[in-house]
Structures are given as structure tokens and as C-alpha cells.
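Residue-level structural notes
These are the residues of each chain, in order.
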Amino acid sequence: MGVSEGPRKVLLQGNEAIVQGALAAGCRFFAGYPITPASEISEILSVQLPLVGGTFIQMEDEIASMGAIIGASLAGVKSMTATSGPGFSLIQENLGYACITEAPCVIVNVMRGGPSTGLPTNVAQGDVLMARWGTHGDHPIIVLSVSSVSECFSVTIKAFNLSEKFRVPVIILSDEVVAHTRESVVLPNQSEIQVFDRITPSVPPEWYKPYADNNRGVPDMAAMGDGYRHHVTGLVHDERGFPTQQPKEVEQFLNRLHSKITKGFSEIVMTKSFDMEDADVCVIAYGSVARSAMRAIKDARAQGIKAGMVQLVTLFPFPRKVVDSALRQCKAVIIPEMNMGQISREIHRVNQAGTRIIKHNRIDGHLITPNEILKHLINL
Amino acid sequence: MLERAELIRQEYLRHDKKFPHVWCPGCGNGIVMNALLRAIHHLELPKDNVVLASGIGCSGRLPTYVDFNTIHTTHGRALTFATGVKLAKPQLTVITVMGDGDATAIGGNHFIHAARRNLNLTAIIINNNTYGMTGGQYSPTTPYGSKSTTSVYGHVEHAFNIAELAVVAGASFVARGTVYHANHLNTMIQQAITKRGFSVVEVISNCHVQHGRRNKLGNAVQMINSFKENAVLVSKAEKMTAEEMKGKFSIGVLCDVEKPVSTEEYDRVRQAAQTEAIRIAEEKAKNGVKRYEE
């Protein structure tokens, strides 16, 4: 399989669909380190990338993978890495570098059980808050999640587009179940896929200020070697890219980093609602758990319970508006998660209406079943 | 001579920003920067095609001052970023500048793997035997018995020999110079940049403010002069006994070998992938095999 040439119905596993999505979005550089359950992404890209003129490299560790993809991105090539929990810990250092230098890149974390080596072949959702806050310092970041093979394809494309548009690293949180589930998906014709490429400077090199603000809050980005010689640093920098400690320049810069995400909120935040029109109870879920939740609300409906579901595709920035309206609409909300309650923290935080929140947490390395969620819906 | 210095200053320094630099008076980093600029000037490399990446520490600030495509990366990771840049745009000349702690402590893994991998990159490692910027703690090249802010009773660990480490890790070109032998350094940096494959230049430099002061090695001039006293050309060092070499170190080219460069080897991978894809497509067409697809 190369990059899709026409709409095709294919049988893929989640990791394969992420590869297809990345290639369709224009990813031409991948650096990774072997890790279960993400290795298929590396393996398939090592075959696919050279076919389309791209580059695959296996680095010495995930710190290096992250450095390499930022380097490739600074040289103008869309790039990605894929890993799981232990590797995700290692990428955090250079993830911060991508945030502060506004280097577009996509990081896939196929979540497995933790902490530490944990449960390498089992499913979990324990890295949600780490994806948001893992690297040090206040930093803007986008975190997306996938619940199906089809979403692995579409969300990966979206991840690249958001990354290029907002010049921010985008994390895709997959999990072991989605990664290894095989489903048939329809891959659209490449010409039907919307691909966004970073905006390059239109001014002559001598006028170029690599970190100058504009109405989008996202500076135009020149690639290394394109004649726009400039400095890139992990130090807080002024609009010319040089280190600064001037309080005014520091504040302006950091505020812009955050506000570019706020400005793009409506485009970045993605949720899906099911049977919410008349729902008086709902399940808020993400990742593979959303599949169980979908089944649970159908079964609940069959028993006359007015159940709905909100699936969070974007986890951060947190989809506050949608969650808030679900909380206001429903008398109770069930939050099933394969962790001790990471997104439920966020939901508690925005629960202005004081709606009853029921957490359902499973951390034994197995997927939450529809029945577990259904029980809560029945017992309300 | 003065004319050329002025020309290099005009052509390669970023005049509009951030001078004076952060380095202490007498620091060897300026000599390394000068040697690097003269090498690039001599090789007539267009500035747009040069990428200079550094890590963290005193050496990490070097790219800030020079007018190329410059990346001041995270501590020890310069080579990983350089790897990404080089593979994304192989036509660029990618050079990294690192310190001893930067390249061989926190970045040690990246360093040996970059050497093994043999991309067409150049690594310049300024070795001043200490972490200068953070206040003079012991580094992987702090000599046994030396004092530092974290070994006030004398250092109990043993030092890396950076150049020899690069040789055994598989670098194509390895040289060692000092900030005393500035012209020699310039020549070796030119050789390193021109070399196809991973090239390393270790530069013995002085941190009289931290390492020198604590170990009574004298001021900047005295330390730099000591490099003159203790440096022995590689060709001569080979004939000397271990006893004779005590307290001395060799300078010159330690290793210069030809081996496939992975930057170029990857083109072969791309061709192999194309050939395989064509073969599979033909097989499919012949047998009507439909894998994955309905």
C-alpha cells in the first residue's frame, strides 16, 4: 500500500491507520525507538516513507527521536514520532523545546499500563495529564485522542494540520486496544483530504523576523536552508529569535504562545455527541472506552433510559463548552476511564452546575466493558 | 592578517544582536569560533547552506553570534537535532558545537551513536574539563584528583578521552587540537567539514575561571601556554612510551577512514523500496492477489 490514490475500503489496525493518516497529511520524516505497543508504526513507516521520498530513522532513544523530528521540522519537513509510556517520559524534554521554538511536529503515544515498565502489552489511559503537563514550564500544547481505526486515520491528518497551522507539537493519545484492533475503514481519495502546510515568509530575508507576532499569533516559518538565516533557541527569545530576559519581551512572547491556542479554540476543539438531544444522563468518554460507552448507551436506550454520550476527541485544550452544556443538561454524568480519574478531574473543574459525577475507573490492564458502564446507567 | 580578521568579523558575526558575548575574558571559545569561521570562509560555504547546532553551556551560546542557520538546542542533544536537519536536507552542511559535559555526559549516548551511524555531520567538541556555566562542577573529562565545586576533596573518577572515544565509536574522521594551535585547529576543522562521514574535532580549551582557578593552573595565558607545552603531534606521540606521554596529550588527526555514509546510503534504501513496490504491484497484477483491499 502506498499513499491512497482513490477511495478504498481497507482492513487496517489502528497503528496502520495512523501511518496512512500521517502519509496522507504529508509526513515525510519519522524518527522512533522500538516500543510495545507502538512498534508497528515504526515498522510500517520504515517501508512506506522511503517509497514517497521520505526518511525513516531509528534513533538511540526517544530523547533522540524527538530531537531528530524537531530538526527535520526546522528544515521544513513534516515529521512525527510514535512511542508508548516509557518513551513518552523521555520525549518530554524536547517536547518543551518544540513548544518554545514553535516547531510543528506530531507525537503519537500508544498508551499502555504504567507506571514505569508497567503492563507493556495491556491497555491503559494513564498518560492523559502527562500529555498536557509532562514537560516543564507553562506551555501550550494540543492533545487529541482516537477511539477507532477510522479516527486513527482522520485524527492523525488533523493533528498534522493543527500542528502546521498553530506551530505547536500535537500529541495523539492512542491506546493498546485501538492500536491493535482491526477494522475496515474507507480511506478517502488523496485529493479529498484537506492538508494544511505551514505558512512561509513572504517578505525578503532581510525583513524576516522569525518570531514576530501577527493577527494569527502564529509567526511565518522559514525552513533552514531557504535563505532566511535565523536563530532558534530553547531560551525565551525576542521576535528575532535571540535570547531575552527583558520582562516585557518575555511576557509578550509567552502570552502569544498561549493566546495562539486560545484564538484557535473553535478549530482545535473536537468532540462528538451521540443521542444527546433528549439525554438526561450521559457518558463522557474518549479513546477505546468511547466504543464501550457507545454500546452501553444503546443498551440503556433499549431499556428506556435516556442516555447519551459525549466523546472527547480533543482532550487539551479541554473542551469546556461542550462538557459544560452536557453537565447542565444531564442529572448525572458517568466518566469511565482506564486510569484513576484524569479527565474526570477536568470535568469536576468545569462542573459549575454541580451535576452528579460518577467516576468509573479500571486500571487492571483491561478495557472497560459496555456492561460496566450500563450498570451505572441503570443504577442511577 | 588584520584585514582577514575584519572581513570575517563583517561577514560572519551577527552585529545586530547580543554582544558582548557571555564568555569570560580569556575564554578559549572565541578562538574556536574564529577557527570555525575561518574554516567556513576558506571552504567558501554559502552562509545559507550552513547549519550550526549547539547544546547547552558556554559552548552552546556560540551559534547565537554567527550568521548561519543556527539552532541552540537542549543539553546534550545537538547531534539529534543535527541528524534530523541533515536527513531532511542532506544538501546542507551541518555542524554541531558542544562542550565536554554536553557531548559526553548528558549527550554521550547521542555522541557514540552519531559516530556509529556515520551521517555526514561534523562535531566540534570544546573540552575545558568542567561545567563552566553552572559553576565548575566535575565533568566526564575532569582529571582524576582534580578539584571542582562537586569534588572539593579531589576527583575520584577517571576521565574520558573524547577523541579516542569517537574513534572506537566509529567516526570517519577524528582530530584533536587546542586553542593555542589556532591555525592547526582551523585546518583540522576544514578537513572535518570536507570529510564525507561523521567527523569529530576535539578542542582542548581553557576554563581558567573554574577548572584552572581551583586547580592552580594559572590565568588564561598560562593555561593556553600549557597546551603548547603538553601537546605532542600524533605522529610523535605514537613513538613515545606511556611514561613519556604522562601529563601530555596528542594533537592532530587520530583517525581518517573511508566508509559508507548513511546520509547517502539512505538513497539506496529509497531505491530498494521503489523496486520492491513495483515487484509487489506486478505480482498482484499477475496473480490477482488482493491483500488488505476488498
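Model, not experiment: these values are computed from the prediction.

Reading guide: rules and limits
Numbers given for residues are sequential positions, taken from 1 along each chain in its written order. Chain letters start at A and ligand numbers start at 1, both assigned in the order the entries are written. Residue-level local features of this predicted model are given only where pLDDT is at least 70; pairs of side-chain atoms are given and counted only at 80 or more, and the full residue set underlies all totals for whole chains, interfaces and linings. To obtain the side-chain values, all non-hydrogen atoms of the structure were included, while hydrogens and water were left out. By the criteria applied, helices consist of DSSP H or I runs no shorter than four residues and strands consist of E runs no shorter than two, each listed in order from the N terminus. Only the C-alpha atoms count toward the radius of gyration. The rule for a globule is 2.2 Å times the residue count to the power 0.38. Relative accessibility decides the category of a residue: with a 1.4 Å probe and only protein chains considered, values under 20% of the type maximum give buried, values over 50% give exposed, and everything between is partly exposed. Working rule for contacts: check all heavy atoms of both residues, and any pair within 4.5 Å makes them a contact. In this count, Lys and Arg are taken as positive residues and Asp and Glu as negative ones, while His and the chain termini are left out. Note that the charge is assigned to NZ on lysines, CZ on arginines, CG on aspartates and CD on glutamates. The rule is simple: put a 1 Å grid over the protein atoms alone, call a set of points where a 1.4 Å probe fits but cannot get out a cavity, call an open set with protein on both sides within 12 Å along at least five of seven lines a pocket, and count a residue as lining if it has an atom within 4 Å of a point. Grid points are joined across faces, edges and corners, and a volume is the space filled by probe spheres set on the points. Following the grouping adopted for this structure description, the nonpolar residues are Ala, Val, Leu, Ile, Met, Phe, Trp, Tyr, Cys and Pro, the charged ones are Asp, Glu, Lys and Arg, and the polar ones are all others, Gly among them. A domain assignment, automatic or from a database, supplies the domain bounds used here. As used here, buried area is the combined drop in accessible area, with a 1.4 Å probe, of two parts when they are placed together. By definition, a salt bridge exists where a carboxyl oxygen of Asp or Glu is found within 4 Å of a side-chain nitrogen of Lys or Arg. By definition, two strands form a pair when at least two bridges between them are found by DSSP. With axes taken as lines fitted to C-alpha atoms, and helix axes fitted only over the stretch in contact, angles between N-to-C directions fall between 0 and 180 degrees. In protein, a polar contact requires one atom able to donate a hydrogen and another able to accept it; more generally it is a pair of N or O atoms within 3.5 Å, and residues adjacent in sequence count only if both atoms are side-chain atoms.

**Observations concerning the overall build of chain A**
Scanning chain A for helices and strands turns up 13 helices and 16 strands. For 380 residues, the compact-globule formula gives about 21 Å, and the C-alpha radius of gyration of chain A, at 21 Å, lands near that figure. Referenced to the eigenvectors of the C-alpha coordinate spread, the extents of chain A come out at roughly 70 × 50 × 40 Å. Within chain A, the fraction of its 380 residues that count as buried is 62%. In chain A, once contacts between residues fewer than 6 apart in sequence are set aside, the share between residues at least 24 apart is 78%. Computed over 35 positive and 37 negative side-chain charges, the separation of the two mean positions in chain A equals 6 Å.

**A short note on the layout of surface pockets**
Residues and elements named next belong to chain B. Here the largest pocket defines a volume of roughly 780 Å³. Lining the largest pocket are 29 residues, with Asn129, Pro143, Gly247, Lys248 and Phe249 sitting closest to its centre. If you list the elements that add at least two residues to the lining of the largest pocket, you get helix H6 (162–169), strand S8 (199–204), helix H9 (220–230) and strand S10 (249–256). The element best represented in the lining of the largest pocket is H9, accounting for four residues. Counted by class, the lining of the largest pocket contains twelve nonpolar, twelve polar and five charged residues.

**Describing the domain arrangement of chain B**
Each assigned domain of chain B is listed with its residue range as follows: domain 1 (2–259) and domain 2 (262–294). Computed from C-alpha atoms alone, the centre-to-centre distance between domain 1 of chain B and domain 2 of chain B is 44 Å.

**Notes on the domain arrangement of chain A**
Residue and element names in this part refer to chain A. Domain boundaries assigned for chain A yield domain 1 (8–192), domain 2 (205–266) and domain 3 (272–379). Of note, the centres of domain 1 and domain 3, computed from C-alpha atoms alone, are 26 Å apart. Taken together, the contact pairs 25 residues of domain 1 with 25 residues of domain 3. Roughly 1,900 Å² of surface becomes buried between domain 1 and domain 3 when both sides are summed, with 55% attributable to carbon and sulfur atoms. Across the domain 1-domain 3 interface, the total number found is two salt bridges. With its nearest N and O atoms 2.5 Å apart, the salt bridge here joins Glu183 to Arg291. Breaking the side of domain 1 that touches domain 3 down by element, the ones donating at least two residues are strand S6 (119–123), helix H5 (128–133), strand S7 (142–145), helix H6 (149–166), strand S8 (169–175) and helix H7 (176–180).

**Remarks on the pattern of salt bridges**
Taken as a whole, this structure holds 31 salt bridges over all chains when the rule is applied. The residue Lys47(B) makes a salt bridge to Glu11(B) at a minimum N-O spacing of 3.7 Å. Of the two residues, Lys47(B) is situated in the loop between helix H2 (29–42) and strand S1 (50–54) and Glu11(B) in helix H1 (residues 2–12); the sequence distance between them amounts to 36 residues. Salt bridges sharing common partners tie together Arg229(A), Glu11(B), Lys47(B), Asp48(B) and Asp67(B).

**Remarks on the sheet that holds strand S3 (residues 93–99) of chain B**
Taken in spatial order, the nine strands make up an open sheet running S10(A)-S2(B)-S1(B)-S3(B)-S4(B)-S8(B)-S7(B)-S10(B)-S9(B), and their pairing is mixed. At either end of the open sheet lies a strand with only one pairing partner, and these are strand S10 (231–233) of chain A together with strand S9 (231–233) of chain B. Averaged over neighbouring strand pairs, the angle between their axes works out to 20° when direction is ignored. Where strand S4 (residues 122–127) of chain B lies against S8(B), six bridges are found, and the strand directions are parallel. Looking at the pairing, Asn127(B) lines up with Ile204(B) of S8(B).

**Observations regarding unusual backbone geometry**
All names here are of chain A. Each neighbour pair has its own omega, and for Thr36 with Pro37 the value is 0°, a cis peptide bond. The topology assignment puts Pro37 in the loop between strand S2 (29–32) and helix H2 (39–51). Although it is not a glycine, Ser116 adopts a positive phi angle of roughly 55°. Tracing the sequence through the fold places Ser116 in the loop between strand S5 (105–113) and S6.

**Details of the interface of chain A and chain B**
Every contact between the two is made by 50 residues of chain A and, on the other side, 42 residues of chain B. Summed over both sides, the interface between chain A and chain B buries roughly 3,900 Å², with carbon and sulfur atoms accounting for 56% of that surface. Taken together, the links from chain A to chain B amount to five salt bridges. Among the ionic pairs, Asp226(A) bridges to Lys89(B), the shortest N-O distance being 2.9 Å. For the pair chain A and chain B, the interface holds 26 residue pairs in polar contact (both at pLDDT 80 or more). Secondary structure elements with two or more residues in the side of chain A that touches chain B: strand S1 (8–13), H2, strand S3 (55–58), helix H3 (62–74), helix H4 (85–101) and S10 of chain A. The greatest single-element share of the side of chain A that touches chain B, amounting to eight residues, is contributed by H3(A). For S10(A) and strand S2 (residues 69–72) of chain B, the ladder comprises three bridges, and the chain directions are parallel. Residue pairing in the sheet places Val232(A) in a bridge with Ile71(B) of S2(B).

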